[in-house]
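Residue-level listing of the chains:
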Amino acid sequence: MSRLNPRQQEAVSYIGGPLLVLAGAGSGKTSVITRKIAYLIQQCGIRAQYIYAVTFTNKAAREMKARVGSLLRGAESKGLTVSTFHNLGLNIIRKEHAKLGYKPGFSIFDEGDIKALVSDIMQKEYAGDDGTDEVLRQIGSWKNDLILPDAALAKARNPKEQTAAVVYLHYQRTLKAYNAVDFDDLILQPVKLFQEHPEVLEKWQNRVRYLLVDEYQDTNASQYLLVKLLVQGRAQFTVVGDDDQSIYAWRGARPENLMQLKEDFPSLKVVMLEQNYRSTSRILKCANILIANNPHVFEKELWSDMGHGDAIRVIRCRNEDAECERIALEILTEHLKTDRPYSDFAILYRGNYQAKLMELKLQHHQIPYRLSGGTSFFARQEVKDLMSYFRLLVNPDDDNAFLRVINVPRREIGSATLEKLGNYASERDLSLYAACDEIGLSAQLDSRFTERLVRFKRYMDQLRQHCAQNEPIAALRSMVMDIDYEHWVRQNSSSDKAADFRMGNVWFLIDALKNTLEKDEDGAMTIEQAIAKLVLRDMLERQQEEQEGADGVQMMTLHASKGLEFPSVYIMGMEEDILPHRSSIEADTIEEERRLAYVGITRARRNLAFTFAARRKQYGEVLDCLPSRFLAELSADDLQWEGQEDAPVAVKAARGNEALAGIRSLLKK
DNA sequence: TAACGCTCGTTTTTT
DNA sequence: ACGAGCGTTA
């Protein structure tokens with residue numbers, strides 16, 4: 001407590017009722033949450049098993065766990081729950097699966113599975129999968145808003161929505177038949193469960209006697225409802241958030257949940273954390289001025305006593321090439337001159353595509369870098385294949401996994417056989433897997449084909465037994481050998497090098513599984529649970545983090561930078577149509593773009609520089625660029641312009657040309 | 001079943 | 001401009 005400032009102390013010790021902590025960037029919100037957990041246990045005598053802390057990312061949960069652990073004796077924190085929303089939901093479903101109609105070992109469908117499934121339904125129902133993406137988005141937003149298929153159907157006002165609602169209905173039924181849930185269900189199903197079974201809700205409310213929620217501005221409608229249900233009655237909770245750092249509205253986040261809280265809990269107490277322990281006051285002034293352009297319900301202004309600091313630089317570059325070159329050279333010279341490690345520097349950008357050229361320039365100057373984001377490990381072919389084997393192993397009803405795996409490697413089971421199998425299975429309400437060795441099927445199918453199906457099923461059944469009895473990891477390793485997956489990978493890779501890489505991923509995946517099983521504190525984790533965790537990305541990050549210490553310039557999107565800090569920050573591409581992004585200008589969601597810039601600025605501890613290009617190649621042609629309007633909004637006395645021409649004039653032009661730019665981008669369309 | 005050519009898009013992505 | 005993904009074709 002002694003090391004906290006008065007506001008933070010207040011936030012920690014207030015337990016009289018619902019509490020909202022508006023925590024500005026770098027104001028020590030993680031300290032507040034972790035200290036509060038310790039306070040609840042040590043000062044208030046609440047046992048750890050009754051305390052639940054919820055975050056959005058595995059990383060945040062892990063960090064929080066570690067920090068709480070260092071504040072408490074081991075025994076005191078035993079039973080404490082610190083998890084992501086999705087993990088909490090998963091645990092609720094796992095414990096209550098019977099009431100929700102799921103069997104143990106249910107699968108979690110990822111983005112790819114969902115897309116395949118919806119596309120499949122569209123094909124069947126509408127003889128074409130045109131508009132899958134739109135339907136997918138619609139279903140997602142319905143789920144985020146807790147609208148179930150029936151309600152969606154009733155609510156649909158136009159043909160498009162009606163189509164989506166019908167697909168949604170089929171989609172949800174199919175998931176159930178596959179004994180599977182999607183990411184949204186991990187929140188939605190617990191909410192449904194609690195609404196329909198008050199006695200179950202009561203049980204959980206008794207378990208969750210104090211709830212803490214991090215990054216509250218990022219909650220969506222169903223997450224908020226889950227929170228509300230859990231705290232109902234007792235109203236003992238603390239949520240921490242910052243409306244100015246809400247950058248996920250496009251994903252369903254509802255920053256207005258911050259406001260809603262005041263209506264739903266009139267006794268809500270609000271504490272603002274405005275002292276920043278990260279940045280120089282110049283950087284904070286800059287951030288404050290920028291964000292003041294957004295409307296606010298809670299006025300807050302960050303300040304710090306870290307000194308005034310250096311001027312913030314705005315660097316105008318000839319083109320995108322010069323921009324990247326400039327950043328690379330500057331980091332190189334700074335590193336050589338001052339011996340600061342490369343990891344002190346971060347390069348932030350709006351879109352991943354901006355990273356390409358930057359990467360090349362860093363490589364050219366032999367500057368080590370670390371790139372975060374990009375193609376997901378789980379999007380890789382070999383990872384999906386293996387994951388499907390795992391899933392089918394623990395959940396034989398998972399038709400998606402079955403179909404993915406049945407001919408990988410080739411088992412000479414063609415589309416005609418699969419179609420017959422599919423028809424037979426759906427007539428009898430069986431899964432594809434279960435239908436394989438049905439007597440009735442052999443009447444409809446030549447024995448050559450049924451034999452192949454049966455052989456596959458026998459193998460998987462035997463493997464499942466092997467898994468349950470002995471070392472599951474050993475079983476999975478031998479599976480990779482049995483099916484000669486390596487041969488398949490080599491056949492389907494462009495080069496030996498690529499094949500080696502892909503096999504590396506295969507073994508990495510199995511290793512990750514092994515580590516999770518071993519590292520589980522209680523030692524009670526089943527292979528099913530480990531696989532579920534794998535889909536939720538947990539542990540994988542843990543593994544990657546172990547290799548993380550390496551020195552290197554950090555490159556990432558502005559979105560990915562939230563929650564991080566760096567001594568020196570470069571924000572590149574400060575141009576109209578990039579930041580703010582063109583589509584945001586068109587959709588009139590400038591405010592979120594401004595928050596994105598705000599997040600970027602507040603990542604910097606000491607040095608901050610913006611770069612922009614006067615012209616850049618885009619969509620195949622060289623276009624003139626306007627400096628971002630956000631540069632014009634900042635205070636001129638704190639900015640130091642570099643680069644040819646009278647740059648500030650150009651900014652004025654950008655301001656005056658706002659309307660023109662809007663028309664221009666419309667014309668382009 | 002592979003290969004070729006065409007079309008289309010080209011923001012962010014915690015789980 | 002360029003590549004990914006898809007559909008057609010041999």
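For chain A, an unreviewed UniProt entry supplies the name ATP-dependent DNA helicase Rep and the organism Azomonas macrocytogenes. Taken from UniProt, the Sequence similarities (unreviewed entry) comment for chain A reads in full: "Belongs to the helicase family. UvrD subfamily." One UniProt comment on chain A, placed under Function (unreviewed entry), says "Rep helicase is a single-stranded DNA-dependent ATPase involved in DNA replication; it can initiate unwinding at a nick in the DNA. It binds to the single-stranded DNA and acts in a progressive fashion along the DNA in the 3' to 5' direction."

A. Region of the structure containing the overall build of chain A. Each helix and strand counted, chain A has 32 helices and 16 strands in total. For 669 residues, the compact-globule formula gives about 26 Å, and the C-alpha radius of gyration of chain A, at 27 Å, lands near that figure. Structurally, chain A occupies a C-alpha span of about 85 × 65 × 55 Å along its principal axes. The burial tally for chain A puts 53% of its 669 residues in the buried class. Looking at chain A as shown, the accessible area adds up to about 30,100 Å², and 49% of this sits on carbon and sulfur atoms.

B. Structural detail: the pairing of strand 1 (residues 19–23). Where burial is concerned, most of strand 1 is hidden: 5 out of the 5 residues are buried. Taking every second residue as pointing to the same face, both faces of strand 1 are buried, with Leu19, Val21 and Ala23 on one and Leu20 and Leu22 on the other. By the bridge criterion, 5 bridges tie strand 1 to strand 8 (residues 269–273) in an arrangement that is parallel. When the sheet's bridge partners are listed, alanine 23 is paired in strand 8 with leucine 273. Pairing of strand 1 with strand 7 (residues 237–241) involves 4 bridges; the strand directions are parallel. Bridge assignment links leucine 20 to a residue of strand 7, and that residue is valine 239.

C. Broad picture of the environment of alanine 154. Structurally, alanine 154 can be placed in helix 7 (residues 149–155). C-alpha separation for the pair alanine 154 and glutamine 381, spaced 227 residues apart in sequence, amounts to 39 Å.

D. Expanded view of the pattern of salt bridges. By the definition in use, this model includes 49 salt bridges. Salt-bridge contacts for lysine 300 lead to aspartate 243; the nearest nitrogen and oxygen are separated by 4.0 Å. Residue lysine 300 is located in the loop between helix 13 (281–291) and strand 9 (312–319), and its partner aspartate 243 is located in the loop between strand 7 and helix 12 (257–264); the two are separated by 57 residues in the primary sequence. Where glutamate 334 meets arginine 340, a salt bridge forms, and the shortest distance between an N and an O atom there is 3.7 Å. When salt bridges with common partners are traced through the structure, they connect Lys29, Asp214, Glu215, Asp218 and Lys562 into a single cluster.

E. Fine view of the protein's contact with DNA strand B. Arg251, Arg350, Asn352, Thr557 and Ser583 are the nearest of the 22 residues found near DNA strand B. What you see for DNA strand B is that sugar and phosphate hold 46% of its atoms within 4 Å of the protein. Arginine 350 is positioned with one of its side-chain polar atoms (N or O) 2.2 Å from a base oxygen of DNA strand B. A distance of 2.5 Å separates a phosphate oxygen of DNA strand B from a polar atom in the backbone of asparagine 352. The residue inventory of the surface near DNA strand B, partitioned by class, reads 6 nonpolar, 9 polar and 7 charged.

F. Representation of the packing of helix 5 (residues 111–126) against helix 6 (residues 132–144) in the model. It is the contact of helix 5 with helix 6, at a shortest axis distance of 10 Å, that shows an interaxial angle of 115°. Overall, the two elements helix 5 and helix 6 adopt an arrangement that is roughly perpendicular. In this structure, helix 5 crosses over helix 6, and the sense of that crossing is right-handed. From helix 5, Ile114, Lys115, Val118, Ser119 and Met122 reach across to helix 6, where they touch Thr132, Asp133, Val135, Leu136 and Ile139. Along the lines of polarity and charge, the residues of the contact of helix 5 with helix 6 split into 6 nonpolar, 2 polar and 2 charged.

G. Representation of the sheet that holds strand 1 in the model. Pairing within the open sheet is parallel, and its 6 strands lie in the order 3-2-6-7-1-8. Either end of the sheet is taken by a strand with one partner, and the two such strands are strand 3 (81–84) and strand 8. Across the sheet, the axes of successive neighbouring strands diverge by a mean angle of 15°, strand direction being ignored. Across 4 bridges, strand 2 (residues 51–55) lies against strand 3 in parallel orientation. By the bridge assignment, tyrosine 52 is partnered in strand 3 with threonine 81.

H. Region of interest: unusual backbone geometry. In this structure, the amide linkage connecting leucine 579 to the following residue, proline 580, adopts the cis form with an omega of 5°. The topology assignment puts proline 580 in the loop between strand 13 (566–571) and helix 28 (582–586). The backbone of asparagine 179 shows a phi angle near 55°, a positive value even though the residue is not glycine. When you line up the elements, asparagine 179 lands in the loop between helix 8 (159–177) and strand 5 (180–182).

I. Structural view of the nonpolar core. Phe194, Phe390 and Phe402 are the most contacted members of the largest nonpolar core, which totals 103 residues. In terms of residue count, the dominant contributor to this core is helix 24 (residues 496–519) (9 residues). In terms of domain composition, this core takes at least three residues from each of domain 1 (6–93 + 188–273) and domain 4 (378–545). If we ignore the near neighbours within four places in the chain, the residues touching phenylalanine 194 are Ile92, Val200, Leu201, Trp204, Leu226, Leu229 and Leu230. In terms of nonpolar packing, the next biggest core, distinct from the first, is built from 35 residues, Leu302, Ile312, Val599 and Leu634 among them.

J. Fine view of the UniProt feature "binding site: ATP" (unreviewed entry) in chain A. Look at the UniProt record and you will see "binding site: ATP" (unreviewed entry) annotated at Ala23, Gly24, Ala25, Gly26, Ser27, Gly28, Lys29, Thr30 and Arg278. A compact arrangement is adopted by the annotated residues: their sequence extent is 256 residues, whereas the largest C-alpha distance between any two is 13.4 Å. Following the sequence through the fold, glycine 24 ends up in the loop between strand 1 and helix 2 (29–42). Sequence-distant contacts of glycine 24, defined by excluding residues within four places in its chain, comprise Asp242, Gln245, Leu273, Lys300 and Leu302. Following the sequence through the fold, threonine 30 ends up in helix 2. If near-sequence neighbours (up to four positions away) are discounted, threonine 30 is found in contact with Met64 and Arg67.

K. A look at the domain arrangement of chain A. Along its sequence, chain A is organised into domain 1 (6–93 + 188–273), domain 2 (107–178), domain 3 (303–368 + 551–667) and domain 4 (378–545). Taking the mean C-alpha position of each, domain 3 and domain 4 sit 45 Å from one another.

What counts and how
- Residues numbered from 1 in each chain as written.
- Chains lettered and ligands numbered in written order.
- Predicted model: local features only at pLDDT ≥ 70, side-chain atom pairs only at ≥ 80, totals over all residues.
- Heavy atoms only, no water.
- UniProt positions renumbered as here; feature names shortened; annotations may be inferred.
- Helix = DSSP H or I, 4+ residues; strand = E, 2+ residues; numbered from the N terminus.
- Rg over C-alpha atoms; globule rule 2.2 N^0.38 Å.
- Buried < 20%, exposed > 50% of the residue type's maximum accessible area, 1.4 Å probe, protein only.
- Areas by Shrake-Rupley, 256 points an atom, 1.4 Å probe, with all protein chains shown as cover.
- Pairing = 2+ DSSP bridges.
- Salt bridge = Lys/Arg side-chain N within 4 Å of Asp/Glu carboxyl O.
- Near = heavy atom within 4 Å.
- Polar contact = N/O pair within 3.5 Å; in protein donor to acceptor, adjacent residues only side chain to side chain.
- Nonpolar A, V, L, I, M, F, W, Y, C, P; charged D, E, K, R; others polar.
- Axes fitted to C-alpha atoms, helices over the stretch in contact; angles between N-to-C directions.
- Parallel < 35°, antiparallel > 145°, perpendicular 65-115°, else oblique.
- Left-handed = near helix turned anticlockwise from the far one by under 90°.
- Contact = heavy atoms within 4.5 Å.
- Core = buried A, V, L, I, M, F, W, Y, C linked by side-chain atoms within 4.5 Å.
- Domains from an automatic or database assignment.

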